[in-house]
Amino acid sequence: TAALALLALGVVYGDIGTSPLYAVKETFNPQHGIPLVAASIVGGISAIFWALMVVVSLKYVTLVLRADNRGEGGIMALLALAASAASSTKAGPRIAAAIVMAGVFGAALFYGDAVLTPAISVLSAIEGLEVGTKAFEPWIVPLATGILVALFVIQKHGTGVVGLLFGPVFALWFV
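Thoughts on the overall build of the protein
Check the secondary structure of the protein and you find eight helices and zero strands. When the helices and strands of the protein are placed in sequence order, the string is α-α-α-α-α-α-α-α. Looking at the 175 residues of the protein, the share that counts as buried comes to 22%. Counted over contacts in the protein with a minimum sequence separation of 6, partners at least 24 positions apart contribute 56%. For the protein, the accessible surface area stands at approximately 11700 Å², while carbon and sulfur atoms represent 74% of it. The centroid of the 8 positive side-chain charges in the protein is displaced by 14 Å from the centroid of its 8 negative side-chain charges.

Written out as structure tokens, the structure is:
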């Protein structure tokens, strides 16, 4: 159970854990006019924290983790279950179509998220190198690109390998 929890931490919750990097940077971007004072910092961090808690509690715990399509989970399992429910519903073709369209909409959101999130997460993390020194500035995009290519090369070996590599990293990050 502990090993599976560590794998899930690297695969599922790794995305959630890196999102605050980008959110904090954008929250306190000078273009937004939010002053960098204690009250703004506490308010911004609090909003990010509670948004994450709502997403994790509602989306993952109550919905996504309960979707079980023969051992598979996530939005694609929800889509398959929605299609199955639509074909077996006695409510009529309009209700069935609405159920399928909700599943297709969720899948579209999933694919959009799958394209944007890795790039934003990796770029946000690598941009943190500029905080220490501006010497890294010309290397930010090449480093982020290299990391993304490596991630997608590793990903083809399955989520178990990704979780094995990133589970310990995210456990340390969350601590």
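Further notes follow.
Remarks on the packing of aromatic side chains
Evaluated as defined, the whole model comprises two aromatic pairs. Taking the centre distance of 5.0 Å and the plane angle of 80 degrees together, the rings of F49 and W50 count as edge-to-face. By relative accessible area, F49 is classed as partly exposed at 40%. A residue is classified by how much of its surface remains accessible, and W50, at 51% relative accessible area, is exposed.

Some details on the nonpolar core
Proteins that are soluble and globular tend to have nonpolar side chains buried together. Residues V122, I126, I140, A144 and L148 constitute the largest nonpolar core, which totals five residues. Looking at this core, the elements that each hand over two or more residues are helix 5 (93–127) and helix 7 (140–155). Looking at which element gives the most residues to this core, the answer is helix 7, with three residues. The contact partners of I140, leaving out residues within four places of it in the chain, are L123, I126, E127, L129 and E130.

A few points about helix 5
With 35 residues, helix 5 should reach 51 Å at 1.5 Å per residue; the first-to-last C-alpha distance of 50 Å fits that figure. Along helix 5, the largest kink reaches about 30 degrees and is centred on L116; proline P118 follows within four residues of it.

Looking at the side chain of E130
The residue E130 is located in helix 6 (residues 129–132) in this model. Of the side chains with opposite charge, K134 comes closest to the buried, unpaired E130, at an N-O distance of 4.8 Å. With residues up to four places along the chain from it excluded, the contact list for E130 reads E137 and I140.

About the thresholds
Numbers given to residues run from 1 along each chain, matching the order in which its sequence is written. Totals for whole chains, interfaces and linings use every residue, but because this is a predicted model, local features are given only for residues with pLDDT of at least 70 and side-chain atom pairs only at 80 or more, for both listing and counting. Only hydrogens and water are removed before side-chain values are computed, so all heavy atoms of the structure are retained for them. Note on conventions: DSSP H or I runs of at least 4 residues are helices, E runs of at least 2 residues are strands, and numbering of each starts at the N terminus. Between buried and exposed lies partly exposed: a residue is buried under 20% and exposed over 50% of the maximum accessible area for its type, with that area taken using a 1.4 Å probe on protein chains only. The contact criterion used throughout is that any non-hydrogen atoms of two residues lie within 4.5 Å. Only the protein chains shown count as cover for residues, with accessible areas throughout obtained via the Shrake-Rupley method and a probe of 1.4 Å. Charged residues are defined narrowly, with Lys and Arg counted positive, Asp and Glu counted negative, and His plus the chain ends left uncounted. The location of each charge is read from NZ of Lys, CZ of Arg, CG of Asp or CD of Glu. Any two rings among Phe, Tyr and Trp, with Trp reduced to its six-membered ring, count as a pair given centres within 6.5 Å; such a pair is stacked if its planes are under 30 degrees apart, edge-to-face if over 60, and tilted if neither. The set of buried Ala, Val, Leu, Ile, Met, Phe, Trp, Tyr and Cys residues whose side-chain atoms join them within 4.5 Å is what this entry labels a nonpolar core. Expected span of a helix: the number of residues minus one, times 1.5 Å. A residue's bend is simply the angle between two axes: one fitted to the seven residues ending at it, one to the seven starting at it. Salt bridge, as applied in this entry: a Lys or Arg side-chain nitrogen positioned within 4 Å of an Asp or Glu carboxyl oxygen.

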